[in-house]
Amino acid sequence: MSREAFALQLFFLLLVHGTLADQAARVLEFSRSRMNFQYDQYTTEHASQRVNHQLYMRSQVGLKEADKVSELPGQPGRADFDQYAGYVTVSATSGKALFYYFVEAAEDPSTKPLVLWLNGGPGCSSLGDGAMLEIGPFFVNSDNKTLSINRYAWNNVANMLFLESLIGVGFSYSNTTSDYNNTGDRSTAADAYTFLTNWLERFPEYKGRDFFITGESYGGHYIPQLANAILTNNNIMNTTSINLKGVAIGNAYLDDSTNTRATIDYYLTHALISKETHLAVQQNCSFNGTYMAQCRNALAAAETEKGIIDLYNIYAPLCWNASNPRQLNGLVQLLTDFYHLTLALFLSYQMVLQATNVDPCSRYYIESYLNRPEVQKALHANTTGLEQPWSDCRCKNIDKSLFNNIITPENWKDAPMSMLPSIQGLISSGVSTWLYSGDIDAVCPVTSTLYSLDILELPINSSWRPWYSDDNEVGGYVVGYKGLVFATVREAGHMVPTYQPQRALTLLTNGNLAQDTKQSMHTLPIKMKRGLLIFWSLFCLCVANTSARNKANFPLEFDQLKISSKYGSEKEDDLREKDRVRSMPGQMEEVEFNQYAGYVTVDAKAGRALFYYFVEAPHDPFKKPLVLWLNGGPGCSSFGAGAMLELGPFSVRSDNKTLYKKQHAWNTVANMLFVEVPAGVGYSYSNTTSDYYNIGDKKTTDDAYTFLINWLKKFPEYQDRDFFIIGESYAGHYIPELANLIVSNNRAINSTNIKLKGVAIGNADLHDNVTLRASFDYYWRHAMISDRVYRAIQASCGFNDTYTNDCQNAMNLAIEEKGNVDDYNIYAPQCHDASNPSGSSDSVLYGDPCTNHYVSSYLNNPEVQRALHANNTGLNYTWMDCSGDMDAVCSVTSTQYALDILGLPVETSWRPWHVDNEVAGYVVGYRGLVFATVRGAGHMVPYYQPRRALALLSSFLEGKLPPE
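Conventions we followed
Residues numbered from 1 in each chain as written. Predicted model: local features only at pLDDT ≥ 70, side-chain atom pairs only at ≥ 80, totals over all residues. Heavy atoms only, no water. UniProt positions renumbered as here; feature names shortened; annotations may be inferred. Buried < 20%, exposed > 50% of the residue type's maximum accessible area, 1.4 Å probe, protein only. Helix = DSSP H or I, 4+ residues; strand = E, 2+ residues; numbered from the N terminus. Pairing = 2+ DSSP bridges. Core = buried A, V, L, I, M, F, W, Y, C linked by side-chain atoms within 4.5 Å. Contact = heavy atoms within 4.5 Å. Disulfide = S-S within 2.5 Å. Axes fitted to C-alpha atoms, helices over the stretch in contact; angles between N-to-C directions. Parallel < 35°, antiparallel > 145°, perpendicular 65-115°, else oblique. Left-handed = near helix turned anticlockwise from the far one by under 90°. Nonpolar A, V, L, I, M, F, W, Y, C, P; charged D, E, K, R; others polar. Salt bridge = Lys/Arg side-chain N within 4 Å of Asp/Glu carboxyl O. Arc of directions from axis to C-beta. Phe/Tyr/Trp six-rings, centres within 6.5 Å; stacked < 30°, edge-to-face > 60°.

For the protein, an unreviewed UniProt entry supplies the name Carboxypeptidase and the organism Leersia perrieri. As its UniProt record puts it under Subcellular location (unreviewed entry), the protein is described as follows: "Secreted".

Chemist: For this particular structure, what's the right way to read the pairing of strand β17 (residues 626–630)?
Modeler: Burial within β17 is extensive, with five of its five residues counted as buried. The alternating pattern of β17 places Leu626, Leu628 and Leu630 and Val627 and Trp629 on opposite faces, both of which are buried. Strand direction decides the pairing type here: β17 and strand β20 (residues 671–676), joined by four bridges, are parallel. Paired with Leu628 across the strands is Leu673, a residue of β20. The pairing of β17 with strand β22 (residues 723–728) spans five bridges and is classified as parallel. Within β22, the residue paired with Leu630 across the bridge is Gly727.

Chemist: What exactly am I supposed to notice about the nonpolar core here?
Modeler: Taken as a class, soluble globular proteins show a tendency for nonpolar side chains to be buried jointly. In terms of nonpolar packing, the biggest core is built from 168 residues, with Tyr101, Phe195, Trp199, Ile213, Leu379 and Phe486 touching the most fellow members. A total of seven residues in this core trace back to one element, the largest contributor, which is strand β2 (residues 96–103). Apart from residues no more than four positions distant in its own chain, Phe195 is found in contact with Val88, Val90, Leu98, Tyr100, Leu161 and Leu163. Formed by 59 residues, the second largest nonpolar core is a distinct cluster that contains Val591, Phe593, Leu859 and Val864.

Chemist: Please clarify how the environment of Gln794 should be interpreted in this entry.
Modeler: Mapped onto the fold, Gln794 is located in helix α24 (residues 787–796). Owing to a relative accessible area of 49%, Gln794 belongs among the partly exposed residues under this scheme. A C-alpha to C-alpha distance of 8.7 Å links Gln794 and Cys807, two positions 13 residues apart in sequence.

Chemist: What is the right way to look at the state of the cysteines in this model?
Modeler: Such a bond, covalent and formed between the sulfur atoms of two cysteines, is termed a disulfide. The full count for this structure, using the stated rule, is five disulfides. Across a sulfur-sulfur distance of 1.9 Å, Cys124 and Cys393 are joined as a disulfide pair. Disulfide Cys124-Cys393: torsion about the S-S bond near 110°, hence right-handed. With Cys124 in the loop between β3 (114–118) and α4 (126–135) and Cys393 in the loop between α13 (373–378) and α14 (420–429), this pair connects stretches of sequence that are 269 residues apart. For the pair formed by Cys124 and Cys393, the shared burial category is buried. For Cys831, the disulfide goes to Cys850, at an S-S distance of 2.0 Å. Here Cys831 and Cys850 share a disulfide; its torsion about the S-S bond, 100°, makes the bridge right-handed. Of this pair, Cys831 sits in the loop between α25 (805–818) and α26 (851–859) while Cys850 sits in the loop between α25 and α26; the two residues are 19 residues apart in sequence, bridging distant segments of the chain. With relative accessibility at 24%, the residue Cys831 sits in the partly exposed group.

Chemist: I tried to follow unusual backbone geometry on my own but got confused; where do I start?
Modeler: Looking along the chain, the bond that leaves Gly121 and enters Pro122 is cis, with omega of 5°. Topologically, Pro122 is positioned in the loop between β3 and α4. Residue Pro678 is bonded to the preceding Val677 through a cis peptide linkage, with omega at 0°. Its location among the elements puts Pro678 in the loop between β20 and β21 (685–686). At Asn750, a position not held by glycine, the phi torsion is positive, near 55°.

Chemist: Looking at this structure, how should I read the packing of helix α20 (residues 638–647) against α26?
Modeler: Helix-helix packing is described using two parameters, namely the angle between the two axes and the distance between the axes. The N-to-C vectors of α20 and α26 enclose an angle of 120°; their axes lie 10 Å apart at closest approach. The pairing of α20 with α26 is recorded here as oblique in orientation. You can see that α20 and α26 cross each other, and the crossing is right-handed. Only Thr851, Asn852, Val855, Tyr858 and Leu859 of α26 make contact with α20, whose side of the interface consists of Phe639, Gly640, Met644 and Leu645. Across the contact of α20 with α26, the residue classes break down as six nonpolar, three polar and no charged.

Chemist: What am I meant to see in the pattern of salt bridges here?
Modeler: When charged atoms on two side chains of opposite charge get close, those side chains can pair. Applying the stated criterion to the full structure yields 29 salt bridges. Residue Lys699 is joined to Asp691 by a salt bridge in which the shortest nitrogen-to-oxygen separation is 3.6 Å. The exposure class of Lys699 is partly exposed, given its relative accessible area of 25%.

Chemist: How should I be thinking about α14 in this particular structure?
Modeler: It helps to recall that an α-helix has 3.6 residues per turn; residues three or four apart then point in one direction. Three or more residues of α14 are buried, namely Leu420, Ser422, Ile423, Leu426 and Ile427. The buried residues of α14 occupy an angular sector of 160° when projected down its axis, which confines them to one face. The inward-facing, buried residues of α14 abut α6 (219–237), β9 (243–250), β10 (432–438), α15 (446–456) and β13 (484–489). Within two residues after α14, Gly430 carries a phi angle of roughly 90°, on the positive side.

Chemist: Help me understand the packing of aromatic side chains, please; the structure alone is not making it clear to me.
Modeler: Two numbers describe a pair of aromatic rings. These are the distance of the centres and the angle of the planes. One pass over the full model with this rule turns up 49 aromatic pairs. Ring geometry for Phe81 against Phe138: centres 6.0 Å apart, planes inclined by 40°, an arrangement best described as tilted. In this pair, Phe81 sits in the loop between α3 (63–66) and β1 (83–91) while Phe138 sits in strand β4 (residues 138–140), placing the two residues 57 residues apart along the sequence. With respect to class, Phe81 is no different from Phe138; both count as buried.

Chemist: Looking at this structure, how should I read the environment of Val759?
Modeler: Relative to the helices and strands, Val759 is located in strand β23 (residues 756–762). In the structure, Val759 is positioned 20 residues away from Ala739 in sequence and 7.7 Å away in space, judged by C-alpha atoms.

Chemist: Honestly, the packing of α4 against helix α12 (residues 362–370) in this entry has me stumped. Any pointers?
Modeler: Two elements in contact, α4 and α12, have axes whose closest approach is 10 Å; the angle formed by their N-to-C orientations is 120°. For the pair α4 and α12, the crossing hand works out as right-handed. Here α4 contributes Leu127, Gly128, Asp129, Met132 and Leu133 to the contact with α12, which in turn contributes Ser362, Arg363, Ile366, Tyr369 and Leu370. Of the residues belonging to the contact of α4 with α12, the class tally is six nonpolar, two polar and two charged.

What follows is the structure, given as structure tokens:
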């Protein structure tokens, strides 16, 4: 096959840096490259596997002590466990030897099980990935020389054995060149079995010990085949020297066609590609091993739409420069030719997890460390002077001078198209079998495993439910089948222990690898309380050009409204200067902008007044537009949520007293006005009690319009300023209604009283039934509820304003299955104790989960209220962020359904948009409307992704699509 033909098969592109290739790149490249090969070129045999060559055995006397590692270079102090490393010969004839690294349990190793870890590829290192990046006792620091301790190392609960399998991987080798050109699943399993039998002679105290095989990715091939080889040979030799108790495979590559189909479905359900491209894939791809040109074109279109993101973790940033991970460069922009881009993108690694402080360039540090002579000497590695340097994966190369011993479909001689019969064989043999999936991996996505389980059709013994990690967070979801357990790990990528180390260790421990192995891995993870109806969503930004709306033929909602005399009735005099906020209590430094706060009366007779907070831009405020921000609810504060939590200039520290400046505050590009609407929200009030019981969209809109008219008299320099309305959630009602009222009244008086230029709504609640239906679709698409309950909802809920008892029961079951996750971001930690921030699971990515409590405490401080000119009537209730219990959180799915109903023609096709050379989200331009997502953001986009939200705002104000 030519290089050009091979390149065109790489539909699942990964970003390149240097010469590193990763496990995700290997399994994707390997599976896609087989598109040109017919099924009969690969074995479909799944029978129990007997080692089909004479088992090589040699004396291991004295070799254990020779393999002992006294201390690794850069190790932080003396370890409280023994560690060993070295070679085990698996063929004396060809000089074939596999390298291992073994760490005993830190406490009572003689009572702990033995666990073998296998990474995938095929051809990736269990030393580099498994031990040094995921679950071993040490990680490599960015100086490439020193190590740090992994507090969640799996040798806390088990004796861990890492094997670099097959030959040519890492330090493993053969003295016979032809061995490298005759690799495959069978020979890999046979060599691993030979390794184990000899290794147990070297470590005889582990003979008969409870033994488990764990791993990930293409380990979905390695592990079942090795397990079947062990079982078969145990039966033949009537021995249990390898006392196999169970297997566990993470994000397993199990079935070629299922994985390809599931990946594309995962892209769609996670808002990475357009529905049109997904439909083209469905129509042109049969996923039966034959991929015609139309199918390949559709798959290539999906990759173009998705952009360059880390498929290991679809929300993670990339590593661009390992010598300076924070420095970005423009490599991708230089690679414009598709062929060269494809080849370059193939060798990739973008390993990151901000939420656990994992350096995105960690893998580069490992490569440098393991190629240091003193490290290899300490590990008893590279004793034969290998030609090639240690690399993480034995991979297809773009420069043969960089790599030898490559793996291609031509020299990988056997690989079943599906491992599901082998999984079924393990279940039948009584071996405890676990499959687990990180739910933000797009390489071997959770969708793929779910599709595979559908094919197996196993009876359910224990229904789907959430499981909880030690920090009282939903760790994921678990369901027990007959003979098999499937678990998800929330907010974990392809390499689960790297992205979620605590949850991975909890899963391992409660899977009983480290406990009573008589039950093996059948004890399901920890249960906990059921949660509320809550879900996370991406950002849905809808930009409406009002000039286009004014020319539309459809009637405006408030076209017939006559301007009431109540509008513009208040005398302002010098109230503006009285509203100036000189300094906020706890403000630690002087600011370069003016800020104001106070009340604007909207109904003098009722004594109804709305509270506002206004911050001007620090530079050239008279050249910047005016932006009104509205939070939703209905009944939530635009001051507390919008200004103090999301996009204002300050937020509150955990002491409830002091403030810190936000780097990405929106007043850096606009003059920001926050109003608490309707009366009863935050500091806004009415002297007429009945006002609190007679509220709705109409009164809220009228009051907001009255507020604007009077506020502009107080600030007349903004009367002719470009004006935008932005907000989120139930503001999907407030904003269109207020905008239509402004347009209607501007027409009625033949004046641009308020110079409205556009609106933008995040995570908009636009249609009650659509929002509710989309929420359950979103749960199911993100592996939060079971197929059984989802089907029950589909069957019994029409989402047409009538909800039967069967429908309500099904929805309640979904809520129970989903568990107690954050309303606004399904991956964010919970606030467990606002009085003790350390009691909650703080997150680098999502911030302090208790921030809203600090804001509430701060805004109830009398000193703060005096500074803000708030609560000057002595309200008989405390300031609250939301006055009602109807806060609706709206998914990206809901907005997409609403757009389908509108049926607008597409003018600019779906594409990624970028900030700092990262894919920040996706955007599609319709006629008169723009829809954008913000990658990795929750319901309150500026809070979860402040940099991306600010970039999106800037594009919106400039009337441009986000940067391509």
